[in-house]
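Structural overview for review
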Amino acid sequence: MDGMRAVVQRVDGASVVVEGETVGEITGEGLCVLVGVTHKDTKEKAAQLARKLWSLRMLDGEKSCSDIDAPLLVISQFTLYGDARKGRRPTWNAAAPGDTAEPLVDEVVAQLRSLGATVATGRFGAQMRVSLTNDGPFTVLLEM
């Protein structure tokens, strides 16, 4: 548990709603990415994750987002660092605090956009409702 994590799902459309308002949405084939940040993560790790997401060959026909200009929906998800090995209530000790995590999630998005990606996002720290159609289903866990 010493690097940035992402749960990547191949989707046919996905959206994020906060307080009744759609704040991020992609249509058609693309990736929905839940990103978790831990204490030692850096801008370099964020850039590495962005490059991986842009080139990951998990779309139809083993294509990547960069191959077909497919969009990504990127959502911050500190619960990826939940630890439920002891007791019945997860602990979040491995998750970075918001003031560390938010700029790094923003960096993943900025790096993806600099690579040419179309990126929608959730809203950091908000209670979000994520809807998606997982196509496959096809889900991959990445750790940088």
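Everything that follows concerns the structure shown earlier in this document.
Quick caveat, the model's predicted, so the values are computed rather than measured.

Taking 1.5 Å per residue, 17 residues should reach 24 Å; helix 3 (residues 98-114) reaches 24 Å between its end C-alpha atoms and fits that length. Here helix 3 has its buried residues at Ala101, Leu104, Val105, Glu107, Val108, Val109 and Leu112. Looking at the buried residues of helix 3, the elements they touch are strand 2 (21-36), helix 1 (43-55), strand 3 (72-76) and strand 4 (119-121). A positive backbone phi angle near 110 degrees is found at Gly116, which sits one or two residues after helix 3.

As a further point, take the environment of Gly28. Mapping Gly28 onto the fold places it in strand 2. Each C-alpha atom, one on Gly28 and one on Val11, is 7.6 Å from the other, the two residues being 17 residues apart in sequence. Residues within four places of Gly28 in sequence aside, it is in contact with Val11, Asp12 and Gly13.

The end-to-end C-alpha distance of helix 1, which contains 13 residues, comes to 19 Å, matching closely the 18 Å that a straight helix rising 1.5 Å per residue would cover. All buried positions along helix 1 are accounted for by Ala46, Ala47, Leu49, Ala50, Leu53 and Trp54. The buried residues of helix 1 occupy an angular sector of 160 degrees when the element is viewed end-on, so they sit on one face. Where the residues of helix 1 are buried, they touch strand 1 (5-18), strand 2, helix 2 (65-68), strand 3, helix 3 and strand 5 (129-143).

What follows is about the state of the cysteines. Here is the idea: a disulfide is a covalent bond, and it sits between the sulfur atoms of two cysteines. Throughout the structure, instances matching the rule amount to zero disulfides. Between Cys32, a cysteine without a disulfide, and Cys65, which holds the nearest cysteine sulfur, the sulfur-to-sulfur distance is 11 Å. Residue classification places Cys32 among the buried positions, given a relative accessible area of 0%. A relative accessible area of 0% places Cys65 in the buried class.

Unoccupied space between atoms shows up once a probe the size of one water molecule is rolled over them. Looking at the largest pocket, its volume works out to about 240 Å³. Lining the largest pocket are 15 residues, and of these Ser76, Gln77, Phe78, Phe124 and Gly125 lie nearest its centre. Grouping the constituent residues of the lining of the largest pocket by class yields eight nonpolar, six polar and one charged.

In this section: the packing of aromatic side chains. The geometry of an aromatic ring pair is captured by the separation of the ring centres together with the interplanar angle, meaning the angle of the planes. On inspection of all chains with the given rule, the structure shows one aromatic pair. Taking the centre distance of 5.3 Å and the plane angle of 75 degrees together, the rings of Phe78 and Trp92 count as edge-to-face. Pair noted here: Phe78 is in the loop between strand 3 and helix 3 and Trp92 is in the loop between strand 3 and helix 3, with a separation of 14 residues, a long-range link.

For the rest of this paragraph, the subject is the sheet that holds strand 4. With respect to topology, five strands assemble into an open sheet ordered 4-3-2-1-5, the strand pairing being mixed. Each end of this open sheet is capped by a strand with a single partner; those strands are strand 4 and strand 5. Sheet twist, expressed as the average angle between the axes of neighbouring strands with direction ignored, equals 35 degrees. In this sheet, strand 3 lies alongside strand 2 in parallel orientation, the contact comprising five bridges. From the neighbouring strand, Val33 faces strand 3, where its bridge partner is Val74.

Procedures and definitions
Residues numbered from 1 in each chain as written. Predicted model: local features only at pLDDT ≥ 70, side-chain atom pairs only at ≥ 80, totals over all residues. Heavy atoms only, no water. Helix = DSSP H or I, 4+ residues; strand = E, 2+ residues; numbered from the N terminus. Expected span 1.5 Å × (residues − 1). Buried < 20%, exposed > 50% of the residue type's maximum accessible area, 1.4 Å probe, protein only. Contact = heavy atoms within 4.5 Å. Arc of directions from axis to C-beta. Disulfide = S-S within 2.5 Å. 1 Å grid on protein atoms, 1.4 Å probe; cavity = no way out; pocket = protein on both sides within 12 Å on 5 of 7 lines; lining within 4 Å. Points joined across faces, edges and corners; volume = space filled by probe spheres on them. Nonpolar A, V, L, I, M, F, W, Y, C, P; charged D, E, K, R; others polar. Phe/Tyr/Trp six-rings, centres within 6.5 Å; stacked < 30°, edge-to-face > 60°. Pairing = 2+ DSSP bridges. Axes fitted to C-alpha atoms, helices over the stretch in contact; angles between N-to-C directions.

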